[in-house]
Amino acid sequence: MDDPTTNRADKSFNVERDAATLLDLIENGNLSEIEDISDDDDTDIILPNVTSAAERVGAEVIRHNQEQQLEEETFLEEEEIPINYEHFTTPRERVKWRRKKFTQPPMEPFETPVKDDPVLRSPVEYFKNYFTDELFEEFATYTNMYALQNNVLGFKPTNAIEIRALFGLHIAIGTLKFPRINLFWDRLLGIKIFLDTMSRDRFYQLRTNLHVVNVLDTPTNCEDRIHKVRPVYDSLKKRCLELDLDELLCVDEQIIPFRGKLNIKQYTKGKPMPWGVKLFVLCGKSGQAFDFIIYQGSRTGLNEDNLKKYGFGASVVLHLSNRIAEPGHKLFYDNYFSSFHLLQLLKARKIYAAGTVRVNRFCNPPLYNDKEMKKKERGAIDELVTIEEDIVMVKWLDNRCVTLASNFVGSSTIDECKRWDSSKKIYVQVPRPEIVKLYNNGMGGVDLLDQLISLYRIYIRSKKWTLRMIFHAVDFALSNSWIEYKKDCEQLEIPKKKVLDLMHFRMRVAESLVKAGNPAPRSKRGRPSSDPPPFESTRKPRQNEEVRPIVEVQKDLVDHMPFLDNEVAGKRCKNGICQKRTHFYCDKCNVHLCIKKERSCFAQFHRK
């Protein structure tokens, strides 16, 4: 039912002003600070009656005999007083609801960001935006320092090149997924990228001593519980903050799996891996992460005033939503974060938000209870709107009742969705409110990111929480990098068959980290190994079976040396369309290339 008092006033207050503040101005006679509102603003707010405070307590549907009388309305210019977002929240005791259809406010359109001059880079370049060369230098420095401090026997100092190779091998391990790590060095399988890069013992030695900070420099009363991996996550977050936001955003939890001893370890019911370190992530619909917070209890780093006024869940959303600078974005979250005042604060910042709710956080709205809803047909809708018409709640009956709230959309355009009817054993069409459709469409970003990480997770069986967090950051960066790469491919209209999938993208990054900038592997000196020789196939090799190396290795200008083969007939040159035959080959790239007086395919092949 529409409120009849909305037609009595010629002018109206801006809904974004606090009713209590305006009442104080009227009672004290400070009307000089109030000016008329423009005719373009048709939003109205009802002031509660000053003499009947009892009628303002609680949250109920306003009836005809409970209508509030409007005072003379004027408008305070926003330019005179700086905006304080606290003025945009309504005290709980003054929240009033009425059962009516929500009128969707005018919304600012979202402008999709487009790069002026997009360039498709190599996979490892996308990854190095998250794990920079400077970060690998820090890993090498502090790994050497940690080994020296602990007098590790037989430890040979490492460098950034070897640390990059270590990370590349871990990426390959997570992608290939053998049941045991030792199998990657098994000579029977003969995986060259492992056999030629480093020994198994050196791999374990580097991983055991891997550090990115000097542990002796830790302050006595350090409040950062993840200080040992802080540089990694700072580098990760720096790149996330540089990305262009999607139109549809969501906030949800993510778990870094870990069951060992750690004082910030959490248990999250319903997650595939419930034990671990919790992250709160701001993601787009594409699964790309734009910001995150690592949960550390009282030391999480949230605003103390927001924690006291609005609670932990709302404070997380407010913190992550600071990333949203442009209007037009739609933000979704679940009932862990939702609250009435959160929706009002986001609306004041021109952020359109919606999510599932816990009804006890919404000032006791008079929604039909579940028992009453189940008496109706499947698809029944109950909708409530605040008296200021800024917040809407929708309760919808599907297999069970679900309640959502929003500051920009209600039931609005009702469509139909296909649902299974267990009693009739057939699919039926069920009416669905628009808020449910938008929520389902925009809420799965963090789940998609979790799915991409879980496909090729770098599994480490270790009690060191630092290793788990470091290599989770690697998986996180790889998934984000791949989404960046796919977006650039779409903008450049590259055919889908030429776009790398996630598995091949990861292997390209692994190969680049291991080989690019590294010298070519040399044959080992000394006595032959007692291990059985690798399996040699009796199949006759095909002619011209040489495979060109990846571009990052081909043009790194490191240790590319020409050698002569012992073949009777030369092999075809692999430089472009050259059809000549030659006996010269590159020792590192393992392909044949011409070296002649009149031309040098060897130099052209490796030149940047």
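Refer to the preceding data block for the structure.
Residues numbered from 1 in each chain as written. Predicted model: local features only at pLDDT ≥ 70, side-chain atom pairs only at ≥ 80, totals over all residues. Heavy atoms only, no water.

**Student:** An account of the overall build of the protein is requested, with residue identities and associated values reported.
**Tutor:** For the protein, the count of helices and strands is 17 helices and 16 strands. Classification of the 608 residues of the protein by burial places 47% in the buried group. At a minimum sequence separation of 6, the contacts of the protein that also span at least 24 residues come to 67%. For the protein, the computed accessible surface area is about 32,700 Å², with 49% contributed by carbon and sulfur atoms. (Helix = DSSP H or I, 4+ residues; strand = E, 2+ residues; numbered from the N terminus. Buried < 20%, exposed > 50% of the residue type's maximum accessible area, 1.4 Å probe, protein only. Contact = heavy atoms within 4.5 Å. Areas by Shrake-Rupley, 256 points an atom, 1.4 Å probe, with all protein chains shown as cover.)

**Student:** For the nonpolar core, give the residues involved together with the corresponding values.
**Tutor:** Of all hydrophobic cores here, the largest spans 133 residues; its most connected members are F127, F131, F167, Y233 and Y333. Per element, the largest residue contribution to this core is 14 residues, and it comes from helix 14 (residues 465-491). Every residue in contact with Y333, bar those within four places of it in the chain, is listed here: V251, V317, S338, L342, L343, L346, A353, A354, G355, T356, Y439 and M443. Formed by 10 residues, the second largest nonpolar core is a distinct cluster that contains C573, C589, V591 and F602. (Core = buried A, V, L, I, M, F, W, Y, C linked by side-chain atoms within 4.5 Å.)

**Student:** Let's hear about the packing of helix 9 (residues 312-321) against helix 10 (residues 340-348): which residues, and what values?
**Tutor:** Between two packed helices, both the angle of their axes relative to each other and the distance between the axes serve to describe the pair. Between helix 9 and helix 10, the least distance of the axes is 10 Å, while the angle of their chain directions is 15°. Our classification of the angle between helix 9 and helix 10 gives roughly parallel. Helix 10 is crossed by helix 9, and the crossing has right-handed handedness. Here helix 9 contributes A314, V317, L318 and S321 to the contact with helix 10, which in turn contributes L342, L345 and L346. Among the residues forming the contact of helix 9 with helix 10, the class breakdown is 6 nonpolar, 1 polar and no charged. (Axes fitted to C-alpha atoms, helices over the stretch in contact; angles between N-to-C directions. Parallel < 35°, antiparallel > 145°, perpendicular 65-115°, else oblique. Left-handed = near helix turned anticlockwise from the far one by under 90°. Nonpolar A, V, L, I, M, F, W, Y, C, P; charged D, E, K, R; others polar.)

**Student:** Tell me about the packing of aromatic side chains, residues and numbers included.
**Tutor:** Evaluated as defined, the whole model comprises 28 aromatic pairs. Ring centres of W97 and F340 lie 5.9 Å apart, and the angle between their planes is 75°; on these two criteria the pair is classed as edge-to-face. Of this pair, W97 sits in strand 1 (residues 97-98) while F340 is found in helix 10, placing the two residues 243 residues apart along the sequence. With a relative accessible area of 2%, F340 lands in the buried category. One aromatic cluster is present, formed by F127, F131, F136, F139, F167 and F471 through successive ring pairs. The lysine or arginine in question, R121, covers the ring of Y126, its NZ or CZ lying 4.3 Å from the ring centre. (Phe/Tyr/Trp six-rings, centres within 6.5 Å; stacked < 30°, edge-to-face > 60°. Lys NZ or Arg CZ within 6 Å of the ring centre and 35° of its normal.)

**Student:** Go over helix 9 with me, naming the residues and quoting the values.
**Tutor:** With 8 of 10 residues buried, helix 9 lies mostly within the body of the structure. Of all the residues in helix 9, the buried ones are G313, A314, S315, V316, V317, L318, L320 and S321. Where the residues of helix 9 are buried, they touch strand 2 (248-257), strand 4 (275-284), strand 5 (289-294), helix 8 (304-310), strand 6 (330-333) and helix 10.

**Student:** Tell me about unusual backbone geometry, and name the residues and values.
**Tutor:** For N151, which is not glycine, the phi dihedral falls at a positive 50°. Using a relative accessible area of 62% as the deciding quantity, one classes N151 as exposed. Notably, N364 is not glycine yet its phi reads approximately 50°, a positive angle. Along the chain, N364 turns up in the loop between strand 7 (352-356) and helix 11 (370-373). With relative accessibility at 53%, the residue N364 sits in the exposed group.

**Student:** Outline the packing of helix 7 (residues 230-240) against helix 14, supporting the account with residue identities and numerical values.
**Tutor:** The contact between helix 7 and helix 14 brings their axes to 10 Å, and the two run at 15°. On the basis of their axis angle, the class for helix 7 and helix 14 is roughly parallel. Considering how the two elements wind past one another, helix 7 and helix 14 form a crossing that is left-handed. Together, V232, Y233, L236, R239 and C240 of helix 7 and M469, I470, H472, A473, F476, A477, N480 and E484 of helix 14 make up the contact between the two elements. Looking at side-chain class alone, the contact of helix 7 with helix 14 contains 9 nonpolar, 2 polar and 2 charged residues.

**Student:** I'd like a rundown of the state of the cysteines, residues and numbers included.
**Tutor:** Under the counting rule described, the total for this entry stands at 0 disulfides. The thiol of C589 is not disulfide-bonded; the next cysteine sulfur, from C586, is found 3.8 Å away. Given a relative accessible area of 5%, C589 falls into the buried group. (Disulfide = S-S within 2.5 Å.)

**Student:** Please give an account of a nonpolar patch on the surface that cites residues and values.
**Tutor:** A cluster of nonpolar side chains, L176, F178 and L189, forms an exposed patch at the surface whose accessible area comes to about 240 Å². Here L189 is to be found in the loop between helix 4 (160-176) and helix 5 (192-195). Owing to a relative accessible area of 48%, L189 belongs among the partly exposed residues under this scheme. (Patch = residues over 30% accessible without salt bridge, like charges linked within 9 Å, V, L, I, M, F, W, Y side chains within 5 Å. Salt bridge = Lys/Arg side-chain N within 4 Å of Asp/Glu carboxyl O.)

**Student:** Please give an account of the side chain of D488 that cites residues and values.
**Tutor:** Here D488 lies in helix 14. Owing to a relative accessible area of 3%, D488 belongs among the buried residues under this scheme. The contacts of D488, once residues within four sequence positions are left out, are K115, V119, L120, R121 and Y126.

Everything listed here is a matter of coordinates, which is why it stays silent on function.
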